[in-house]
Amino acid sequence: MHTLDSSKINIQISSEKEYDVFVGRGFHDSLFQKLASLQASSYFIISQKGLGPFFFNDFLDQLKKHLEIPDKQICMIEGGEENKHLSRLGPVYNQIIDAGADRKSVILAVGGGVVGDFAGFVAATIQRGVRFVQIPSTLLSAVDASVGGKVAINVDRGKNMVGAFHQPELVYFNLDLLKTLPEKEWNCGLAEMVKHGFLDSQGQIYPFLLENTVHLRDPASDLLKKAVMDSIAFKASVVARDEKESGLRAILNLGHTTAHALESFTEYSRFSHGEAVSRGLVTMMYLSEEILGLPEADTKSMIDLMQKLNLPLDTAGISADDLLEHLKYDKKTVGGIPQFVLLRRRGDYEYGVKVSEESFQKAWNRQKAQFG
Ligand SMILES: NC(=O)c1ccc[n+]([C@@H]2O[C@H](COP(=O)([O-])OP(=O)(O)OC[C@H]3O[C@@H](n4cnc5c(N)ncnc54)[C@H](O)[C@@H]3O)[C@@H](O)[C@H]2O)c1
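Residues numbered from 1 in each chain as written. Predicted model: local features only at pLDDT ≥ 70, side-chain atom pairs only at ≥ 80, totals over all residues.

**Let's talk about the site of the ligand**
Piece 1. Near the ligand lie 31 residues; those nearest to it are G79, G112, G113, V114 and T138.
Piece 2. Those elements that provide at least two residues to the shell around the ligand are α4 (113–125), α5 (139–145) and α6 (183–199).
Piece 3. Taken together, the residues of the shell around the ligand sort by class into 10 nonpolar, 15 polar and 6 charged.
Piece 4. Each of two domains, domain 1 (2–180) and domain 2 (183–218 + 254–371), supplies a minimum of three residues to the shell around the ligand. (Near = placed C-beta within 6 Å. Helix = DSSP H or I, 4+ residues; strand = E, 2+ residues; numbered from the N terminus. Nonpolar A, V, L, I, M, F, W, Y, C, P; charged D, E, K, R; others polar. Domains from an automatic or database assignment.)

**Some thoughts on the packing of α6 against helix α10 (residues 273–292)**
Piece 1. One way to put it is that α6 packs onto α10 with a least axis distance of 7 Å and a crossing angle of 30°. Judged on the interaxial angle alone, α10 and α6 are roughly parallel. Of the two elements, α6 crosses α10, and the hand of that crossing is left-handed. Contacts between α6 and α10 pair N187, C188, G189, L190, A191, E192, V194 and K195 from the former with H273, G274, E275, V277, S278 and L281 from the latter. (Axes fitted to C-alpha atoms, helices over the stretch in contact; angles between N-to-C directions. Parallel < 35°, antiparallel > 145°, perpendicular 65-115°, else oblique. Left-handed = near helix turned anticlockwise from the far one by under 90°. Contact = placed C-beta atoms within 7 Å.)

**Here's the deal with α4**
Piece 1. An ideal rise of 1.5 Å per residue puts 18 Å on 13 residues; α4 measures up with 18 Å between its terminal C-alpha atoms.
Piece 2. Taken across its 13 residues, α4 has 12 buried, putting it largely inside the fold.
Piece 3. Three or more residues of α4 are buried, namely G113, V114, V115, G116, D117, F118, A119, G120, F121, V122, A123 and A124.
Piece 4. Where α4 terminates, the next one or two residues include Q127, which has phi positive at roughly 50°. (Expected span 1.5 Å × (residues − 1). Buried ≥ 20, exposed ≤ 12 C-beta atoms within 10 Å, placed from the backbone.)

**With respect to helix α12 (residues 320–327)**
Piece 1. Burial in α12 covers these residues: A320, L323 and L327. One side of α12 carries all its buried residues, which in axial view fall inside an arc of 65°. Residues of α12 that are exposed and point more than 90 degrees away from the buried face comprise D321 and E325.
Piece 2. Those residues of α12 hidden inside the fold are in contact with α9 (256–265) and α13 (357–371). (Arc of directions from axis to C-beta.)

**Quick notes on the nonpolar core**
Piece 1. In this structure, I46, I107, L108, A109 and V194 are the most contacted members of the largest nonpolar core, which totals 110 residues.
Piece 2. If one sorts the elements of this core by residue count, helix α8 (residues 222–241) sits on top with 10 residues.
Piece 3. Of the residues that make up this core, three or more belong to each of domain 1 (2–180) and domain 2 (183–218 + 254–371).
Piece 4. Apart from residues lying up to four places away in sequence, V194 is in contact with L209, L281, M302, L305 and M306. (Core = buried A, V, L, I, M, F, W, Y, C linked by C-beta atoms within 7 Å.)

In structure tokens, the structure reads:
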């Protein structure tokens, strides 16, 4: 279950666990009050270097002052996916333990999805689990990573291979943080919002996105705020029905099977996650047409939306064979056969659909013929 008002979404995970996601601008005071009401014995911030000046000069500064957080309780990790790694955990655990954390401490994860996943994993494991709060600073972490309680780190054998389900106490998204977000990073959030639009069986997210594409890269826009809230509410509705991914939650991987292969083939260095996801969504539509009879008009409507949002759709000079090698190692692959989430229609999905090498080649080559 989830409820939505003008700036708050309530997520009911179970009878014991619920939390609010706040979306707005310049509402620091209400955040500080809510954080204070958690009555933590101590607050720790895990954040990252390289966020914009608004973040450092305004937001983080005020957070430190209001909650009286000394520097020793602030862990700054390096940004970037490579730092969400097992090898970076030791120093952070040591710092937090040395600074006197106990079971009533609260960790604030302030940053993009990398920080959210990493800090959430620290919170899930230190002292066998302490409370934490997600304060996302990217569009992707707002609409996706910070909601739902999946936390993880990377190990040498793969991304997100070690993790836990650990729900936050509160998620607070200040749209002002997006003022400094680089263009490439907007693509990541927008691609996930398109994904939600095509999974949403209520059918309201997609037309709203289509109608408002010109506002969706503007942090000051209330239309962006509504689109973000709709997207969070959609994700919340899925997580509320299947917190631990025993089934339905797998639909959130729409477009991601190809995306993960693209990222893995290019060693996570060429594309942002969203650039891989937007290409993967096109492949998924072509596969859906062939395997589940998705109407071509639905594919066209997704392509239309993604083109209006300037999301990349091409195959980037990569061959189907290159990707097939990597599809074999996808977490959802069973017996060497990749399992995709596909669509029968917009809002009508099926997960765990086996896709043969031939079908994948056909879809990828069609994408290459159409978009280069
Ligand atoms: N837990 C989940 O359910 C879930 C879901 C989706 C993605 N993820 C994870 O999220 C991560 C990706 O998250 P992301 O896309 O937010 O990437 P990210 O955390 O790496 O941030 C992207 C870049 O933007 C910069 N940045 C962040 N906020 C900024 C701001 N306000 N102004 C200027 N620059 C800013 C960062 O320094 C970084 O360079 C991946 O590790 C992925 O596995 C997790």
